[in-house]
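Letter by letter, the chains look like this.
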Amino acid sequence: MYGAQLIEALHRLDPTLEFLGVGGDRMRAAGCDTVFDSKDLAVVGITEILSHLPKIWGLFRKLIAAADRRKPDLAIVIDAPAFNWRVARAMHKRGIPVVYYVCPQFWAWRQGRVRLLRRYVTKALAIFPFEEQFFRERGVDTTFVGHPLAGLPLPAITREDYAQQHQLDAAKLWITLMPGSRRKEVAMNLPTILAAAEQLGPGYEFLVPVAPTLDLHFLRQQTHGTPNLKTSLHLVPESLPALGHSRAGIIASGTATVEAALMNTPFVMVYRVSPMTYLLGRSQVKVPCFAMVNLIAGAAVVPELVQHDFTVENVVRHLQKILPDGSERESMLLGLASVRTQLRGSQGAMSAPDRAAAIIQTMLATTPP
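Residues numbered from 1 in each chain as written. Predicted model: local features only at pLDDT ≥ 70, side-chain atom pairs only at ≥ 80, totals over all residues. Heavy atoms only, no water.

**Student:** Help me out: how do you make sense of the overall build of the protein chain in this one?
**Tutor:** The number of helices and strands found in the protein chain is 16 helices and 12 strands. Taken over C-alpha atoms, the radius of gyration comes to 21 Å for the protein chain, in line with the 21 Å a tight globule of 369 residues would show. Projecting the C-alpha coordinates of the protein chain onto the three principal axes gives extents of approximately 65 × 45 × 40 Å. Across the 369 residues in the protein chain, those meeting the buried criterion constitute 50%. (Helix = DSSP H or I, 4+ residues; strand = E, 2+ residues; numbered from the N terminus. Rg over C-alpha atoms; globule rule 2.2 N^0.38 Å. Buried < 20%, exposed > 50% of the residue type's maximum accessible area, 1.4 Å probe, protein only.)

**Student:** Please clarify how helix H4 (residues 81-93) should be interpreted in this entry.
**Tutor:** Compared with the 18 Å implied by 1.5 Å per residue over 13 residues, the 18 Å span of H4 between its first and last C-alpha is a close match. Inspection of H4 places Phe83, Asn84, Trp85, Val87, Ala88, Ala90 and Met91 among the buried residues, and these make up the whole buried set. A positive backbone phi angle near 75 degrees is found at Gly95, which sits one or two residues after H4. (Expected span 1.5 Å × (residues − 1).)

**Student:** Got a minute to help me understand helix H14 (residues 312-322) in this structure?
**Tutor:** An α-helical turn contains 3.6 residues, so any two residues separated by three or four positions project in the same direction. For H14, the full list of buried residues reads Val312, Asn314, Val315, Val316, His318, Leu319 and Ile322. Next to the buried residues of H14 lie helix H8 (183-200), strand S10 (248-252), strand S11 (267-271), strand S12 (304-306) and helix H15 (327-344). (Contact = heavy atoms within 4.5 Å.)

**Student:** Would you take a moment to explain the sheet that holds strand S4 (residues 98-101) for this structure?
**Tutor:** Sheet strands pair via backbone hydrogen bonds, and the direction of the pair is either parallel or antiparallel. Taken together, the four strands give an open sheet; going across it, the order is S3-S4-S5-S6, and neighbouring strands pair in parallel fashion. The strands lining the two open edges of the sheet, one partner per strand, are strand S3 (75-78) and strand S6 (142-144). Averaged over all adjacent pairs, the angle separating strand axes in this sheet is 20 degrees, with direction ignored. When S4 meets strand S5 (residues 123-126), the two strands line up parallel, connected through three bridges. For Tyr101, the partnering residue across the bridge sits in S5 and is Leu125. (Pairing = 2+ DSSP bridges. Axes fitted to C-alpha atoms, helices over the stretch in contact; angles between N-to-C directions.)

**Student:** Looking at this structure, I do not really get the sheet that holds strand S7 (residues 173-178). What am I missing?
**Tutor:** Across the sheet, six strands lie side by side as S9-S8-S7-S10-S11-S12; this open sheet has parallel pairing. For this open sheet the edge positions go to strand S9 (233-236) and S12, each flanked by a neighbour on one side alone. Neighbour-to-neighbour, the strand axes of this sheet turn through a mean angle of 20 degrees, independent of strand direction. Note that S10 and S11 share four bridges and pair parallel. When the sheet's bridge partners are listed, Ile251 is paired in S11 with Met269.

**Student:** Looking at this structure, I do not really get the side chain of Asp37. What am I missing?
**Tutor:** Examined against the element boundaries, Asp37 turns out to sit in strand S2 (residues 32-37). Polar side-chain contacts of Asp37 include one of 2.7 Å to the side chain of Arg28. Here the side chain of Asp37 touches Lys39 through a polar contact of 2.8 Å, landing on its backbone nitrogen. With residues near it in sequence (within four places) discarded, Asp37 still touches Val22, Gly23, Gly24 and Arg28. (Polar contact = N/O pair within 3.5 Å; in protein donor to acceptor, adjacent residues only side chain to side chain.)

**Student:** Can you help me understand the packing of aromatic side chains in this one?
**Tutor:** Remark: the centre distance and the inter-plane angle together describe each pair of aromatic rings, the angle taken between the planes. According to the stated counting rule, one finds eight aromatic pairs in the structure shown. Considering the side-chain rings of Trp57 and Phe60, the 5.3 Å spacing of their centres and the 25 degrees angle between planes classify their relative orientation as stacked. Remark: Phe60 and Trp57 occur in helix H3 (residues 53-70); sequence separation between them is three residues, near one turn of the helix. A relative accessible area of 48% places Trp57 in the partly exposed class. Residue classification places Phe60 among the buried residues on the basis of a relative accessible area of 11%. (Phe/Tyr/Trp six-rings, centres within 6.5 Å; stacked < 30°, edge-to-face > 60°.)

**Student:** Explain the nonpolar core to me, please; I cannot follow it from the model alone.
**Tutor:** Grouped burial of nonpolar side chains is what soluble globular proteins tend to show. By size, the foremost hydrophobic cluster in this structure holds 116 residues, and its most contacted members are Tyr101 and Leu177. Once you skip the residues sitting within four places of it in the chain, Leu177 turns out to touch Ile193, Leu194, Ala197, Phe206, Leu207, Val208, Pro209, Leu233 and Ile250. Core analysis: the second largest hydrophobic core is formed by seven residues, Tyr162, Ala163, Trp174 and Ala242 among them. (Core = buried A, V, L, I, M, F, W, Y, C linked by side-chain atoms within 4.5 Å.)

**Student:** So what exactly am I meant to see when it comes to the environment of Ile251 here?
**Tutor:** Relative to the assigned elements, Ile251 resides in strand S10. Take Ile251: its relative accessible area is 0%, and that puts it in the buried class. The sequence separation of Ile251 and Val268 amounts to 17 residues, and the corresponding C-alpha distance is 6.1 Å. For Ile251, the contacting residues outside a window of four places in its chain are Thr176, Met178, Leu243, Ala256, Thr257, Ala260, Phe267, Val268, Met269 and Val270.

**Student:** Please clarify how the pairing of strand S8 (residues 204-209) should be interpreted in this entry.
**Tutor:** The side chains of a regular strand alternate, first on one face of the sheet and then on the other. In terms of burial, S8 is a largely internal element, six of the six residues being buried. Neither face of S8 is exposed, since Tyr204, Phe206 and Val208 on one face and Glu205, Leu207 and Pro209 on the opposite face are all buried. Direction of pairing for S7 relative to S8: parallel, over a ladder of four bridges. In the sheet register, Ile175 faces S8, and the bridge partner there is Phe206. Considered for its hand, the β-α-β crossover made up of S7, H8 and S8 is right-handed. The pairing of S8 with S9 spans four bridges and is classified as parallel. In the sheet register, Val208 faces S9, and the bridge partner there is Leu235. Between S8 and its parallel partner S9, the chain crosses via helix H9 (residues 216-223), and the hand of that crossover is right-handed. (Right-handed = clockwise from strand over helix to strand, strands pointing away.)

Listed below in structure tokens is the structure:
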């Protein structure tokens with residue numbers, strides 16, 4: 001999604017630009033010649049990635065070979081640091097300037113890896129306000145451009161039309177369930193989320209947006225064992241309209257938490273990984289909280305239920321505090337509003353992709369072909 005936004009912004013500045021790389025349907029629709037699909041890199045965890053290494057290494061070599069044939073003037077890598085710092089290194093060795101859009105979260109853990117950006121990246125474009133100072137202090141030329149989602153409007157479709165489109169009961173309160181965008185995340189998070197939904201009872205409609213990195217058949221299989229939710233659980237195609245019209249959400253840690261904040265939807269953040277991944281990774285984490293909205297706000301805006309704290313009882317207890325009107329819900333809404341303001345940056349109506357595109361265009365203009 002971020003890649004597609006950036007391609008469209010760059011094409012508005014220069015329609016003659018050509019793109020190749022790794023992406024999905026949205027990047028292809030925006031005009032990118034994809035060497036392979038980004039779904040093939042959708043692996044999460046430390047131990048989980050080991051079995052996928054041969055495949056990922058083969059895809060990496062395929063991408064670099066394509067770049068060698070096409071000889072790009074500039075390389076843009078987006079997030080995915082385990083893969084993309086190697087892409088950045090390969091491009092740097094070939095004398096190609098590298099832009100890192102959506103900087104890796106080295107401020108959260110493995111801070112020593114900032115040296116990789118300093119060595120191989122020409123320009124870093126940060127999407128969170130605190131990142132610019134962090135990376136600049138460590139010698140990386142960084143500019144905060146705002147969050148790519150911050151300019152998105154609330155859903156245009158009315159709640160009544162959305163209910164009719166997806167066979168939802170408009171008289172009930174809706175809760176959006178977002179277990180993650182990778183199969184492993186869904187397998188680890190969704191069972192407890194569904195159990196919490198069952199405990200909340202039949203008075204709600206539960207919406208499960210299908211992430212672009214997942215297929216509908218897989219999610220249907222994962223939700224098949226919940227007969228008590230048969231009439232109240234709905235798989236829907238997009239997250240933002242679901243969040244925008246929901247009373248609350250149960251959201252796995254990640255970009256979805258930012259989406260919920262931007263849609264003004266109170267939520268409970270949850271997450272679980274394999275015990276070995278948690279054991280290996282927890283000691284490396286350098287931040288006091290996990291939820292991005294809490295990191296941006298510098299306060300506990302939303303509850304975080306991670307690993308052993310992620311239980312049905314805890315999810316239900318926290319949801320029941322924010323579903324009704326009252327001080328708990330109002331306090332969270334105020335916190336989410338503060339986060340939205342910070343994510344938009346200070347450059348008026350200019351969107352993050354447009355700011356990023358303007359910087360990249362300047363780099364292209366000063367880069368010898």
